[in-house]
Amino acid sequence: MGLNEPLVPGGVLAIDAGNSKTDVAIVAADGTVLGTARGGGFQPPVVGIDSAVASLAAIVASAAAAAGLAFGDRPLTEHTSACLANADLPVEEQQLELAVHARGWSLSTRVANDTFAILRAGVDEPRGVAVVCGAGINCVGMLPDGRTARFPAIGKISGDWGGGSGLAEEALFHAARAEDGRGGPTELAAALPAHFGLTSMYALIEALHLEHIAPARKYELTPVLFRTADAGDAVAREIVSRQADEIVALASVALGRLGLLDEEVDVVLGGGVMAAGNPTLMDAIAARLAGRAPKAVTRVVSAAPVLGAALLGLDHVGAESEMHAKVRAHYA
């Protein structure tokens with residue numbers, strides 16, 4: 001074997017790198033998962049592209065060791081399929097792709113936003129749309145011919161609303177106004193502070209502002225919002241209803257761009273908000289999507305996103321469906 005030949009001919013190095021954790025898998029050409037590893041989050045906006053990719057290198061090295069492969073002498077696999085957080089725009093994907101490929105892990109490299117991994121993990125072929133509602137919200141779609149649909153998904157400046165962070169802030173907004181009289185009544189005014197053992201929204205506002213309660217703990221309020229909505233509170237139900245509208249709007253626009261509005265197609269729902277399976281939200285999504293895309297079928301994906309990265313890699317190298325099924329069975 002020459003120095004320029006991969007240690008795993010026809011194989012795939014799959015990387016799913018989120019803000020909080022990174023999963024890596026080395027997959028043989030026949031779909032066997034040879035080695036895996038997990039490490040910390042991937043945050044190039046915080047540490048810079050070079051440092052972020054360097055952090056990936058340590059996790060890739062651990063996966064190589066688990067697979068019994070030498071790391072650094074020659075390419076590990078034929079192709080690297082890296083689905084990365086913070087690759088929100090095509091130009092960011094290109095920059096990251098160059099940086100990852102320069103590491104020499106594979107003969108070819110493709111970097112995509114990590115939402116594509118969730119989509120591919122949830123469909124049997126590279127065809128469909130995914131809406132991810134976790135801390136934030138994003139949507140992508142793909143077709144087997146390589147066409148995609150996507151949104152910038154970088155916050156309010158790109159027209160986004162919702163996700164766990166947005167829902168918590170909206171709940172706090174209405175609860176604060178209910179307590180001081182600027183808004184109508186809602187049980188959120190009592191339920192949100194009670195979650196932290198407090199007796200008023202004023203106390204909660206003070207605790208969050210002074211960081212006596214860590215800002216990240218605001219995410220804990222999203223389940224409180226859902227419970228309050230399920231109990232019939234009108235304001236909470238309206239917030240949940242708006243989230244359903246946003247999810248359906250994203251999915252419908254993506255389906256329309258790909259010409260799938262009138263076809264049988266999967267709409268994959270991912271992220272922590274979706275995984276919670278709140279019936280008020282899920283029923284609203286299903287009913288409203290049926291009015292826009294009557295043949296679309298929603299499904300909540302529970303598989304590890306690194307599976308999606310691996311499947312995208314196998315798509316790239318032209319692997320047969322049996323190889324796809326083998327790697328999917330590994331993560332079942």
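I will try to describe carefully the structure that is included in this document. (Residues numbered from 1 in each chain as written. Predicted model: local features only at pLDDT ≥ 70, side-chain atom pairs only at ≥ 80, totals over all residues. Heavy atoms only, no water.)

Quick look at the packing of helix H5 (residues 163-180) against helix H8 (residues 221-230)
Thought 1: Two elements in contact, H5 and H8, have axes separated by 8 Å at closest approach and are oriented at 60°. Of the two possible hands of crossing, H5 and H8 adopt the one that is left-handed. Residue-level inspection shows Gly164, Leu167, Ala168, Ala171 and Leu172 of H5 in contact with H8, the latter providing Leu221, Thr222, Leu225 and Phe226.
Thought 2: In terms of residue class, the contact of H5 with H8 is made up of 7 nonpolar, 2 polar and no charged. (Axes fitted to C-alpha atoms, helices over the stretch in contact; angles between N-to-C directions. Helix = DSSP H or I, 4+ residues; strand = E, 2+ residues; numbered from the N terminus. Left-handed = near helix turned anticlockwise from the far one by under 90°. Contact = heavy atoms within 4.5 Å. Nonpolar A, V, L, I, M, F, W, Y, C, P; charged D, E, K, R; others polar.)

Observations concerning helix H11 (residues 279-292)
Thought 1: Relative to the 20 Å expected for 14 residues at 1.5 Å per residue, H11 spans 20 Å between its end C-alpha atoms, a close match to the ideal helical length.
Thought 2: Along H11, the residues that are buried comprise Thr280, Leu281, Met282, Ala284, Ile285 and Leu289.
Thought 3: Elements that come into contact with the buried residues of H11 comprise H8, helix H9 (234-257), strand E9 (265-270), helix H10 (272-275) and strand E10 (296-300).
Thought 4: At the N-terminal end of H11, a side-chain oxygen is found 3.1 Å from the backbone nitrogen of Thr280, two or three residues along, and the residue is Asn278. (Expected span 1.5 Å × (residues − 1). Buried < 20%, exposed > 50% of the residue type's maximum accessible area, 1.4 Å probe, protein only. Polar contact = N/O pair within 3.5 Å; in protein donor to acceptor, adjacent residues only side chain to side chain.)

Comments concerning the sheet that holds E10
Thought 1: If you trace the 5 strands from one edge of the open sheet to the other, you get E8-E7-E6-E9-E10, paired in mixed fashion. With one partner strand each, in any of the chains shown, strand E8 (148-150) and E10 form the two edges of the open sheet. Neighbour-to-neighbour, the strand axes of this sheet turn through a mean angle of 15°, independent of strand direction.
Thought 2: In terms of strand pairing, E9 meets E10 through 5 bridges, oriented parallel. Bridge assignment links Asp266 to a residue of E10, and that residue is Val297. (Pairing = 2+ DSSP bridges.)

Quick notes on the environment of Gly271
Thought 1: Within the secondary structure, Gly271 is located in the loop between E9 and H10.
Thought 2: Through-space distance from the C-alpha of Gly271 to that of Gly134 is 4.2 Å; in sequence the pair is 137 residues apart.
Thought 3: Contact partners of Gly271, with chain neighbours within four places excluded, come to Val132, Cys133 and Gly134.

Some details on the sheet that holds strand E4 (residues 77-84)
Thought 1: Spatially, 5 strands are ordered E3-E2-E1-E4-E5 in an open sheet, and the strand pairing comes out mixed. Two strands close off the open sheet at either side, each with one partner strand: strand E3 (33-40) and strand E5 (106-113). With direction set aside, neighbouring strand axes in the sheet form an average angle of 15°.
Thought 2: By the bridge criterion, 7 bridges tie strand E2 (residues 21-27) to E3 in an arrangement that is antiparallel. Each residue of the ladder has a partner; that of Asp23, found in E3, is Arg38.
Thought 3: Contacts between helix H3 (residues 90-101) and the sheet are confined to E4 and E5, with E5 contributing the most and set at about 150° to the helix.
Thought 4: Across the sheet, helix H12 (residues 305-317) is in contact with strand E1 (8-17), E2, E4 and E5; its angle to E1 comes to roughly 145°.

Regarding the pattern of salt bridges
Oppositely charged side chains may form a pair once their charged atoms are brought near each other.
Thought 1: Taken as a whole and assessed by the stated rule, the structure comprises 14 salt bridges.
Thought 2: As a salt-bridge pair, Lys21 and Asp23 come within 3.4 Å of each other at their nearest N and O atoms.
Thought 3: The class of Asp23 is buried, set by a relative accessible area of 8%.
Thought 4: Note that Arg38 and Asp23 form a salt bridge whose closest N and O atoms lie 2.8 Å from each other. Here Asp23 lies in strand E2 and Arg38 lies in strand E3, a separation of 15 residues in the sequence.
Thought 5: For Arg38, a relative accessible area of 58% gives the class exposed. (Salt bridge = Lys/Arg side-chain N within 4 Å of Asp/Glu carboxyl O.)

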